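Fold and geometry: a report
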Amino acid sequence: MGVHVERTELPGIGVRHDIVSETGRRLSVVSLRDGGRELALGDRDDPDRVRATVSLTDEEATALAEVLGGSLIFTQLAGLREQLTGLYVEQIPVRADSVYVGQPLGRTRARTRTRCSIVAVVREGGVVPAPGPEDVLQAGDTLVALGTREGLDRLVRIIDGD
């Protein structure tokens, strides 16, 4: 199963995105209303307590996103999500064991099966914006998809081969 990112509105503060690691550690990225960003590491023994935080400048956040394989398009689409109720953006990793590795994107029939659009493929060599059905998926790719929560959940299961 892919990594699940939980989004929580923080009234008057901003938005927090949480990722729980395989070992149970919570890593949060807080996007503040004033444009600032913070990383927070949850306490191993108490998931409601923050162990450490790091504030990031725009430049530091950009550098970190590049190191982690993020893309500017995801940030822009995430901003769009704030404006459109019921529309979500998700990054879906293509694992090495996915049945779609080495296959053209069209073989997934993602749009037909989920009504979600894959708007970009992020890979080591850069970003493939607006990929076509002939674009071949590679292990380690990250699909940037736009759709309903239910559709995106189904798309994750399809890409994972469930």
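I will try to describe carefully the structure that is included in this document. (Residues numbered from 1 in each chain as written. Predicted model: local features only at pLDDT ≥ 70, side-chain atom pairs only at ≥ 80, totals over all residues. Heavy atoms only, no water.)

A word on helix 4 (residues 149–160). Two residues of an α-helix separated by three or four positions point the same way, owing to the 3.6 residues in each turn. Taking 1.5 Å of rise per residue, the twelve residues of helix 4 would be expected to cover 16 Å, and the 17 Å separating its terminal C-alpha atoms lies within 8% of that figure. Every buried residue belonging to helix 4 is among Gly-151, Leu-152, Leu-155, Val-156, Ile-158, Ile-159 and Asp-160, and all of these are buried. Lining the buried residues of helix 4 we find strand 6 (88–93), helix 3 (110–114), strand 7 (117–123) and strand 9 (142–147). Immediately beyond the C-terminal end of helix 4, within one or two residues, lies Gly-161, with a positive phi of roughly 90°. (Helix = DSSP H or I, 4+ residues; strand = E, 2+ residues; numbered from the N terminus. Expected span 1.5 Å × (residues − 1). Buried < 20%, exposed > 50% of the residue type's maximum accessible area, 1.4 Å probe, protein only. Contact = heavy atoms within 4.5 Å.)

Moving on to the packing of aromatic side chains. With the rule as written, the count across this model stands at zero aromatic pairs. When the ring centre of Tyr-88 is taken as reference, the NZ or CZ atom of Arg-149 above it lies at 5.5 Å. (Phe/Tyr/Trp six-rings, centres within 6.5 Å; stacked < 30°, edge-to-face > 60°. Lys NZ or Arg CZ within 6 Å of the ring centre and 35° of its normal.)

For the coordinates displayed, the defined rule picks out eleven salt bridges. Across the pair Asp-160 and Arg-95 runs a salt bridge whose closest N-O atoms are separated by 3.8 Å. Taken as a pair, Asp-160 in helix 4 and Arg-95 in the loop between strand 6 and helix 3 lie far apart in primary sequence, 65 residues in all. Under the relative-accessibility criterion, Arg-95 is labelled partly exposed at 28%. Three or more residues are tied together by salt bridges with common partners; here these are Arg-16, Asp-18 and Arg-26. (Salt bridge = Lys/Arg side-chain N within 4 Å of Asp/Glu carboxyl O.)

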